[in-house]
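Observations on the three-dimensional arrangement
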Amino acid sequence: MKRCDIQSNISSNAFFYIKKKIAANSKEDARKLKKLFDEKKFEARSFSDSALDVQSFDWQCLERDRNWWWQLQALPFLNWYSNSYFFQTESERKKYFKICMDAIYQWVEKAKNNKASPLSWHDHAAAFRVRNIANWFVFCCSVDSSLWEPKDLDCISSLIYEHLDWIQDDKHYTRYTNHGFDQAMIVLTISLFFDCDSFEKYRVKNRERLISEVKVAFTEEGVHKENSPGYQKMMLGRLKLLKDFSLLNEQSVSDLANRYIERAQKFLEVLTLPSGFLPTIGDTQDEDIGLYSAIQEDECLVYDYTSSGYFVCKGNSKKIGEYFLLVKCVHDSNYHRHDDDLMVYLWCNGNVVLSDNGLFSHNEKDQARIFLRSPLAHCVPFVKGKPERDMSKLSKSPLLSLDKTNKKIYGESWSHGEKITRIVDFSCLDNGSLVIYDESEAEQIYSNFCFGESASLKVLKRDFARLDFNNLRCDMFFPLMNSASIFQSFNDNIASSCIISKKYSEKVDGIRLLLSSSKGKNKVDINLRRE
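Because the structure is a prediction, the values reported are computed rather than measured. (Residues numbered from 1 in each chain as written. Predicted model: local features only at pLDDT ≥ 70, side-chain atom pairs only at ≥ 80, totals over all residues. Heavy atoms only, no water.)

We now examine helix α8 (residues 178–191). Taking 1.5 Å as the rise per residue, α8 with 14 residues should run 20 Å; its terminal C-alpha atoms sit 20 Å apart, in good agreement. Across the 14 residues of α8, 14 count as buried, placing the element largely inside the fold. For α8, the capping residue at the N-terminal end is T177, with a side-chain oxygen 3.2 Å from the backbone nitrogen of H179. (Helix = DSSP H or I, 4+ residues; strand = E, 2+ residues; numbered from the N terminus. Expected span 1.5 Å × (residues − 1). Buried < 20%, exposed > 50% of the residue type's maximum accessible area, 1.4 Å probe, protein only. Polar contact = N/O pair within 3.5 Å; in protein donor to acceptor, adjacent residues only side chain to side chain.)

With that settled, the discussion passes to the pattern of salt bridges. When the charged atoms of two side chains lie near each other, side chains of opposite charge can form a pair. Enumeration over the complete set of coordinates arrives at 42 salt bridges. Put simply, D165 and K201 hold a salt bridge, and the shortest N to O gap is 3.7 Å. Placement of the pair is D165 in helix α7 (residues 150–168) and K201 in helix α9 (residues 200–217), with a sequence separation of 36 residues. Here D165 falls in the partly exposed class, since its relative accessible area comes to 31%. On the basis of relative accessibility, which here comes to 46%, the residue K201 falls in the partly exposed class. Through salt bridges with shared partners, a single network forms among E28, R31, K35, E43 and D49. (Salt bridge = Lys/Arg side-chain N within 4 Å of Asp/Glu carboxyl O.)

Where strand β6 (residues 343–348) and strand β7 (residues 351–354) come together, three bridges link them in antiparallel fashion. Opposite C348, over in β7, you have N351 as the bridge partner. Following β6, the chain reverses through two residues before pairing antiparallel with β7; N349 in that reversal takes a positive phi of roughly 50 degrees. (Pairing = 2+ DSSP bridges.)

The relative placement of two aromatic rings is captured by the distance of their centres and the angle of their planes. In this structure the tally under the stated criterion is 33 aromatic pairs. Ring geometry for F267 against Y310: centres 5.2 Å apart, planes inclined by 70 degrees, an arrangement best described as edge-to-face. Of the two residues, F267 is situated in helix α11 (residues 251–271) and Y310 in strand β4 (residues 310–317); the sequence distance between them amounts to 43 residues. Among the aromatic residues, those joined into a cluster by ring pairs are Y81, Y85, F86, F97, W136, F137, F139 and W148. The positively charged end of R64 is found above the aromatic ring belonging to W68, 5.5 Å away from the centroid. (Phe/Tyr/Trp six-rings, centres within 6.5 Å; stacked < 30°, edge-to-face > 60°. Lys NZ or Arg CZ within 6 Å of the ring centre and 35° of its normal.)

This next bit is on the side chain of N522. In this structure, N522 sits in strand β21 (residues 521–530). Those residues in contact with N522 that lie beyond four places of it in its chain are I436, Y437, D438, I445, Y446, S447, L480, M481, L515, S516 and S517. (Contact = heavy atoms within 4.5 Å.)

By the element assignment, A116 lies in the loop between α5 (90–110) and α6 (123–143). As for A116 and C61, which are separated by 55 residues in sequence, their C-alpha atoms are 8.9 Å apart.

As summarised here, the arrangement of the eight strands in space is β9-β10-β11-β12-β21-β16-β15-β14, forming an open sheet in which the pairing is antiparallel. Only two strands of the sheet have a single neighbouring strand rather than two, namely β9 (399–403) and β14 (456–460). With direction set aside, neighbouring strand axes in the sheet form an average angle of 15 degrees. Both strand β12 (residues 433–440) and β21 contribute to a ladder of seven bridges, which runs antiparallel. Bridge assignment links D438 to a residue of β21, and that residue is N522. (Axes fitted to C-alpha atoms, helices over the stretch in contact; angles between N-to-C directions.)

A few words on the state of the cysteines. Per the counting criterion, the structure on display carries one disulfide. Between C4 and C196 runs a disulfide, and the two sulfur atoms are separated by 2.4 Å. One end of the pair, C4, is in the segment before α1 (12–21); the other, C196, is in the loop between α8 and α9, with 192 residues separating them in the sequence. The two residues C4 and C196 agree in class, both being buried. (Disulfide = S-S within 2.5 Å.)

Interaxial distance between α8 and α9 falls to 8 Å at its minimum, and their mutual angle equals 145 degrees. Where α8 crosses over α9, the handedness of that crossing is left-handed. Of the residues in α9, those in contact with G180, F181, Q183, A184, M185, V187, L188 and S191 of α8 are Y202, R203, N206, R207, R209, L210, E213 and V214. Of the residues that constitute the contact of α8 with α9, the class distribution is eight nonpolar, four polar and four charged. (Left-handed = near helix turned anticlockwise from the far one by under 90°. Nonpolar A, V, L, I, M, F, W, Y, C, P; charged D, E, K, R; others polar.)

Bringing empty space enclosed by the protein into the picture now. A water-sized probe, rolled over the atoms, reveals where empty space remains. Here the structure, examined in full by the defined rule, presents four cavities of 30 Å³ or more. Put simply, the largest cavity is a space of about 70 Å³. Class assignment for the residues of the lining of the largest cavity results in seven nonpolar, three polar and five charged. Space inside the second largest cavity adds up to approximately 50 Å³. Around the second largest cavity sit C300, C313, Y323, K407, F426, S427, L429 and D430, which together line it. Residues of the lining of the second largest cavity, tallied by class, amount to five nonpolar, one polar and two charged. (1 Å grid on protein atoms, 1.4 Å probe; cavity = no way out; pocket = protein on both sides within 12 Å on 5 of 7 lines; lining within 4 Å. Points joined across faces, edges and corners; volume = space filled by probe spheres on them.)

Ranked by internal contacts, the top residues of the largest apolar core, which has 95 residues, are F77, W136 and W148. Ranked by residue count, the leading element in this core is α6, at 13 residues. Leave out the neighbours within four places in its chain, and F77 touches L33, L36, F37, V54, C100 and A103. (Core = buried A, V, L, I, M, F, W, Y, C linked by side-chain atoms within 4.5 Å.)

Glancing now at the environment of E109. Among the structural elements, E109 can be located in helix α5. Given a relative accessible area of 59%, E109 falls into the exposed group. Measuring from C-alpha to C-alpha, the distance between E109 and S392 comes to 42 Å, with 283 residues separating the pair along the chain.

Here it is as structure tokens:
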């Protein structure tokens, strides 16, 4: 079908949408834009500034982390231009508009067809890039339609169509992941910007995709399936973005989002620590703000999300202060998967006691990342062998259930090929006691425990360990073990390592306790006391 003149076919709904979405008064984006365009310094999240001239950059020579390239390939300065428009002088607006166009032409010449340009056609980066191009284009048309030269319009039109065609192809669409969710949402949004028939095919296909993505991404309890509180928060934000489709007269998607938002928001509140932050589980980073709700003294709140693979208990007692217990056993998505079936996470009196040791990076070949996704970086039982990360290859799906009467959690996992069970007795948690029972069909079973950054090992014996935290003591008794080993640094042998990564690309040495039993059974009594 013949392509249309996109400038003359921008819908009135698109102008209304952009006006609502872009306030154009961000001082922060004005600062980043001027730093890049005037000082030639690019500021990316979680990285130090990089010298970069977008008008002459070759789009391949810099040695940088994948995440850095992922951010740059989306052309974020287009957003910065629109978001800071009212902080620019008239001369700056014209100057910066020209630099934006020069940067786009440079990307077309040096990156678009260059396989050596890192992540130039990454599924997520490409979607964000076309979103940024389209939003910037409609915004600029709304504030000054005289800015455009015919060749510039041809360039923008070609890029929008080319990106939409690329994502339209199923081999570039990452179905049933947060990437696929964003791809469908972005293409549907852009297709609704223009009142012409050539965009109808994008509307039809990506409306269907997006509706399917929403229904698959969340359980009926509102739990996002990609394995971490950080993604729960991010995807709740995406659900809220879907409400904006009503601005484009796409009510079916907006109505669907409203069905899930309340439940997803409630689960995010459940996941939030008494400190107000999210626990660093899966790919969640430290100090990610959650949805805080106060816990009263002597209160114990139990949240049964076991049908979605989670259990949470929060409370506040005189003996140990505020506490938070989470048990997780679920494999509903292969995406961002950690080997954390049957994991226990425990926070108490301001300390991470039993931890998940973090993200570090998305470079899956990095030894630190390999360690942090493994069972060794989680408080889990396991047996020898490589855990299965493809849920289609599991002999059985993991299970989690709550015994409300006896206050016990029962979980089963087949991630290592053999059945492993864990029972967590939290009946006396408010008094500082937690008991964990692990069992396997294999003779040799291991119980791995990682501790938060404030932990200090004071005593280690064959059947006993004592750790001190800030204003908290933790005693652990393990009478059935054959051996107890402590690891406190990172080295070439992952099996004897321990690190914690609270921030992207940062890591510190941690403390890890590995218990081994040849009887196929482990029992660990944990006693907490405020100091």
